[in-house]
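Listed below, chain by chain, are the residues.
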Amino acid sequence: MPEYVVSSQAYAKAILHCAKYPWAAVQGLFLGEKKEGKFRLTDAVPLSHNWTQLTPMFDVALQQVQLYAKSNNLLVLGYYVANEDPESVQLSASSALFAKTILSINSDAAAFVIDAKNFKTSQAGQPALVAFSYVDSQWKEQTGAFSGSASKGSGKNPATFSLENNQALTTARILVEERAEVGIYDFDEHLENVSLDWLQNNALNERIRTA
Amino acid sequence: MSSSLALLAEIRQSSERRPFEVLKLAEPLLNKGSITQAGDDVWVVYEQIFLSAIDEGQIELAKAILVILQKRFSGSQRVKRLYGLINEAAGHPDESEMLYNEIIDKDETNVLACKRVIAMLKAQGKYAQAIKELVSYLDIYANDYEGWLELVHLYMGQHMYAQAAFCIEEVILLQPANHYYHLCYAEINYTMGRLDVALKEYLRVVELSTDNVRGFYGVKLTADRIRELAKSKPKKDQLYFSLDNVPQQATLERLSQLATERLVGAYSGASTACKAANEEWLK
């Protein structure tokens, strides 16, 4: 029964990436570690906000993320996307393919769609994330993820998803309110200005820590 | 002219979407009344603030500005379109549709209203219809490269890459010296497996611009991939391009080396983590 725990930093960065480009689709990766039998998603690396269906720069970025992860003893544990249409919380064909690529690197990877429209109004304790596990050769939505019980939809081996703590939600809200998204840089932006650190976004990490 | 007004003019000029900044700049202008320093431009500034207000969901502010514009330009089709926009933003699509159709009935060449109708279809998730309407629009206005770009975007969203490629070709015909469109074309072709075209277009990108990191990544990625594929001697139907159509191994190697050199040069100013990842990747 795979257990995924999403940290404040990972959640906040994914949300801020989405907040920076509210009219576009954005996608990125989650990094983390396996600790005490659980998969802890400790960080997010934002990839792109433009031409998100196209593959070449995704390939380059993924290869570099893998190199970065290896030298920092991290695993690539997840793929996240926010669709251009806020009503859609499914994985598009290209998203499903990208998520599957992550799976081929790490069979424990999960996929997430950011549910932006429910960010403010979501139930207490619920992050704006829809979780997917690869079951029976397809990505299946894990209904009930983050609700404190095992999710439905993963067949015989239900996955559980939880947040590291409730502070994660408050932190994300505070940061969105103060427009902290100006401080997150993805691979697309890095390609236009290589001095932007898309792999770490250290300054933002500091802000998240102190929020 | 105040610096805020100058900045607002810059943003208008570049047509970048920066609604939060616009509103921040506009706030004192509106509150202190110094917006009048814009002289005759005050109306386009109001329009700009209106557009940013609805983008930020500040409907009340947008309404207030609309009243000012309506007072000055009553009966204007341009202002009518803004009424359409505020109705869209407030979630009244039927109202908007009616207004846009009225504008078009009065003047069928009003392209902004036509485009709004298409945009609404897109917003409602009616992508097939949006595409159909946009194709009809482009039959008439074939020089509207922004229209073609929107169609590229719509087709990519439906993963219809061949159609998207056709559309970006039209844009390139209209704007052949703009590296950005060659970049888009290169990446669509790469996604389709047409590495021969992708390589050529990435080379065109670096030719048309200076120190284009994305372009050089593309050159190296494609050149290396083609070399790999050529070495593994695949069957003809396994490839989406012809190996007859690509440079020789030696040339591919040199292209890859050139790209590597340029990337190393570009990355001298990067952070440690990114530099390390790039160096590793280049190996």
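It should be emphasised that the depicted structure is a prediction, and the values quoted were computed from it without experimental measurement.

Conventions adopted
Residues numbered from 1 in each chain as written. Chains lettered and ligands numbered in written order. Predicted model: local features only at pLDDT ≥ 70, side-chain atom pairs only at ≥ 80, totals over all residues. Heavy atoms only, no water. Helix = DSSP H or I, 4+ residues; strand = E, 2+ residues; numbered from the N terminus. Buried < 20%, exposed > 50% of the residue type's maximum accessible area, 1.4 Å probe, protein only. Contact = heavy atoms within 4.5 Å. Areas by Shrake-Rupley, 256 points an atom, 1.4 Å probe, with all protein chains shown as cover. Pairing = 2+ DSSP bridges. Axes fitted to C-alpha atoms, helices over the stretch in contact; angles between N-to-C directions. Buried area = accessible area lost by both parts, 1.4 Å probe. Salt bridge = Lys/Arg side-chain N within 4 Å of Asp/Glu carboxyl O. Polar contact = N/O pair within 3.5 Å; in protein donor to acceptor, adjacent residues only side chain to side chain. Nonpolar A, V, L, I, M, F, W, Y, C, P; charged D, E, K, R; others polar. Expected span 1.5 Å × (residues − 1). Core = buried A, V, L, I, M, F, W, Y, C linked by side-chain atoms within 4.5 Å.

Asker: Please provide a residue-by-residue account of the overall build of chain A, values included.
Answerer: Secondary structure summary: chain A contains six helices and eight strands in total. The order of α-helices and β-strands along chain A, N terminus first, is β-α-β-β-α-β-α-β-β-β-β-α-α-α. Each principal axis of the C-alpha atoms in chain A carries an extent, and together these give about 45 × 35 × 35 Å. Every one of the 211 residues in chain A was classed for burial, and the buried ones make up 56%. A separation threshold of at least 6 residues defines the contact pool for chain A, and within that pool the share at least 24 residues apart is 67%. Accessible area of chain A: about 8700 Å², with a carbon and sulfur share of 48%.

Asker: So what's going on with the sheet that holds strand S8 (residues 160-163) of chain A? Which residues, and what values?
Answerer: Strand pairing within a sheet occurs via backbone hydrogen bonds; the two strands may be parallel or antiparallel. Residue and element names in this part refer to chain A. What the eight strands build is an open sheet, ordered S7-S6-S5-S4-S2-S3-S1-S8; its pairing is mixed. The open sheet is flanked by strand S7 (138-141) and S8, the only strands paired with a single partner. Neighbour-to-neighbour, the strand axes of the sheet open up by a mean angle of 30 degrees, direction not taken into account. Relative to S7, strand S6 (residues 129-135) is paired through four bridges, and the arrangement is antiparallel. When the sheet's bridge partners are listed, Ser-133 is paired in S7 with Lys-140. Helix H3 (residues 93-105) contacts strand S2 (26-35), strand S4 (75-82), strand S5 (110-114), S6 and S7 of the sheet and is inclined by roughly 175 degrees relative to S4.

Asker: Go over the environment of Gln-13 of chain B with me, naming the residues and quoting the values.
Answerer: Locating Gln-13 of chain B in the fold gives a position in helix H1 (residues 3-14). A sequence separation of 176 residues divides Gln-13 of chain B from Asn-189 of chain B, and the C-alpha atoms of the two residues are 32 Å apart.

Asker: Which residues make up the pairing of S4 of chain A, and what are the values?
Answerer: All names here are of chain A. Within S4, seven of the eight residues are buried, leaving the element largely enclosed by the surrounding structure. Judged from the seven bridges that link them, S2 and S4 form a sheet pairing that is antiparallel. Residue pairing for S4: Leu-29 is matched across the bridge by Tyr-79. Strand direction decides the pairing type here: S4 and S5, joined by four bridges, are parallel. Looking at the pairing, Tyr-80 lines up with Phe-112 of S5.

Asker: Can you break down the interface of chain A and chain B residue by residue, with the values?
Answerer: At the interface, 31 residues of chain A touch 34 residues of chain B. For the pair chain A and chain B, the two sides together bury roughly 2900 Å², of which 64% comes from carbon and sulfur. Summed over the shared surface of chain A and chain B, the result is three salt bridges. Close ionic contact of Asp-188 of chain A with Arg-214 of chain B constitutes a salt bridge, the shortest N to O distance being 3.0 Å. Scanning the region where chain A abuts chain B turns up 12 residue pairs in polar contact (both at pLDDT 80 or more). For the side of chain A that touches chain B, the elements supplying multiple residues, two or more each, are helix H2 (56-71), H3 and helix H5 (187-192) of chain A. No other element matches H2 of chain A, which puts eight residues into the side of chain A that touches chain B. When grouped by side-chain class, the residues that make up the side of chain A that touches chain B number 15 nonpolar, 10 polar and six charged.

Asker: Which residues make up helix H12 (residues 195-208) of chain B, and what values go with them?
Answerer: Relative to the 20 Å expected for 14 residues at 1.5 Å per residue, H12 of chain B spans 20 Å between its end C-alpha atoms, a close match to the ideal helical length. Residues of H12 of chain B that are buried include every one of Leu-195, Asp-196, Ala-198, Leu-199, Glu-201, Tyr-202, Val-205 and Val-206 of chain B, and no others.

Asker: Summarise the pattern of salt bridges; cite the residues concerned and give the values.
Answerer: Side-chain pairs of opposite charge can arise whenever the charged atoms involved come near each other. This structure, assessed with the given rule, holds 25 salt bridges over all chains. For the salt bridge of Asp-43 of chain A with Lys-13 of chain A, the shortest nitrogen-to-oxygen distance reads 2.8 Å. Here Asp-43 of chain A is found in strand S3 (residues 38-48), whereas its partner Lys-13 of chain A is found in helix H1 (residues 8-20), with 30 residues between them in sequence. The exposure class of Lys-13 of chain A is buried, given its relative accessible area of 1%. Bridged by salt links that share partners, the residues Glu-84 of chain A together with Lys-122 and Glu-150 of chain B form one connected network.

Asker: Could you give me a rundown of the nonpolar core, with the residues and numbers involved?
Answerer: In this structure, Val-65, Tyr-79 and Trp-198 of chain A together with Phe-50, Leu-151, Ile-188 and Tyr-217 of chain B are the most contacted members of the largest nonpolar core, which totals 123 residues. Setting aside residues no more than four positions away along its own chain, Tyr-79 of chain A makes contact with Gln-27, Gly-28, Leu-29, Phe-58, Leu-91, Ser-95, Phe-98, Ala-99, Ile-102, Ala-110, Ala-111 and Phe-112 of chain A. In terms of nonpolar packing, the next biggest core, distinct from the first, is built from 32 residues, Val-26, Ala-82, Phe-112 and Phe-161 of chain A among them.

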